[in-house]
Amino acid sequence: MSNEAPAGTLGIKVLVIDDSNTIRRSAEIFLKQGGHQVLLAEDGFDALAKVNDHDPDLIFCDILMPRLDGYQTCAIIKRNARFSSVPVIMLSSKDGLFDKARGRMVGSEDYLTKPFTKDQLLQAVEQHRRVST
């Protein structure tokens, strides 16, 4: 198996929004190992500026954050016509049905429970990049 990614599986630009430095760094390492470009944001306000400036292909968004939570951040991104088709995957340490349903209501495509493995993260990227391309 070569290190070159086959055509069609080239890395995409992924934004990871989480107030936990540990989660941001873990996601960054895993995504870079998968050949993706990574942008990091520590809260919703920081994320909105980065979405506007960098136009990511996929967004992972923590639910519980100070100032602007993940639901509010996702809803703002999805209300903007320019970014409404960008897949948003919610991240949470809770695996509750209510959280998943609320995430869908604000426009998220999926839900990943923390802590996640490298395989879970990269599988989510592959699953949702196909939907978005």
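1. A look at helix H1 (residues 21–33)
Three- or four-residue spacings in an α-helix give side chains the same orientation, since the helix completes a turn every 3.6 residues. In this model, H1 (13 residues) spans 18 Å end to end at C-alpha, consistent with the 18 Å of a helix rising 1.5 Å per residue. Listed as buried for H1 are Ile23, Arg24, Ala27, Glu28 and Leu31. Viewed along the axis of H1, the buried residues span an arc of 130°, placing them on a single side of the element. One or two steps after H1, the chain reaches glycine 35, where phi turns positive at roughly 85°.

2. Thoughts on the packing of helix H2 (residues 44–54) against helix H3 (residues 70–79)
As a packed pair, H2 and H3 sit with axes 10 Å apart at the nearest point and diverge in direction by 20°. Here H2 lies roughly parallel to H3, going by the angle between them. Our pair here, H2 against H3, has a crossing hand that is right-handed. Residues Gly44, Ala47, Leu48 and Val51 of H2 form the contact with H3, whose participating residues are Thr73, Ile76 and Ile77.

3. Here's the deal with the confidence of the model for the chain
Summing up the model confidence of the chain, the mean pLDDT is 90 and the portion of residues at 70 or higher is 90%. With pLDDT under 50 throughout, residues 1–8 is counted as low confidence; its partners more than four residues away or in other chains account for two contacts.

4. What to know about the pairing of strand E2 (residues 37–41)
By the criterion of burial, E2 is predominantly enclosed, with four of the five residues buried. Two strands pair when backbone bridges link them, and strand E1 (residues 13–17) and E2 are joined in this way by five bridges, in the parallel orientation. Its bridge partner lying in E2, leucine 15 is registered against leucine 39.

5. A look at the packing of aromatic side chains
Per the counting criterion, the structure on display carries one aromatic pair. Look at phenylalanine 30 and phenylalanine 116: their rings are 6.5 Å apart centre to centre, the planes differ by 75°, and that puts the pair in the edge-to-face class. One end of the pair, phenylalanine 30, is in helix H1; the other, phenylalanine 116, is in the loop between strand E5 (110–113) and helix H5 (118–132), with 86 residues separating them in the sequence. Of the residues examined, phenylalanine 116 reaches a relative accessible area of 9% and is grouped as buried.

6. Looking at the sheet that holds strand E3 (residues 58–62)
Taken together, the five strands give an open sheet; going across it, the order is E2-E1-E3-E4-E5, and neighbouring strands pair in parallel fashion. Looking at which strands have only one partner, the edges of the open sheet turn out to be E2 and E5. On average, adjacent strands in this sheet sit at an angle of 20° to one another, irrespective of strand direction. The sheet contact formed by E1 and E3 spans four bridges and is parallel. Across the sheet, the residue bridging to valine 14 is leucine 58, located in E3. This element, H3, spans E1, E3 and strand E4 (88–92) of the sheet and lies at about 175° to E4.

Rules of the game
- Residues numbered from 1 in each chain as written.
- Predicted model: local features only at pLDDT ≥ 70, side-chain atom pairs only at ≥ 80, totals over all residues.
- Heavy atoms only, no water.
- Helix = DSSP H or I, 4+ residues; strand = E, 2+ residues; numbered from the N terminus.
- Expected span 1.5 Å × (residues − 1).
- Buried < 20%, exposed > 50% of the residue type's maximum accessible area, 1.4 Å probe, protein only.
- Arc of directions from axis to C-beta.
- Axes fitted to C-alpha atoms, helices over the stretch in contact; angles between N-to-C directions.
- Parallel < 35°, antiparallel > 145°, perpendicular 65-115°, else oblique.
- Left-handed = near helix turned anticlockwise from the far one by under 90°.
- Contact = heavy atoms within 4.5 Å.
- pLDDT = per-residue confidence, 0-100.
- Pairing = 2+ DSSP bridges.
- Phe/Tyr/Trp six-rings, centres within 6.5 Å; stacked < 30°, edge-to-face > 60°.

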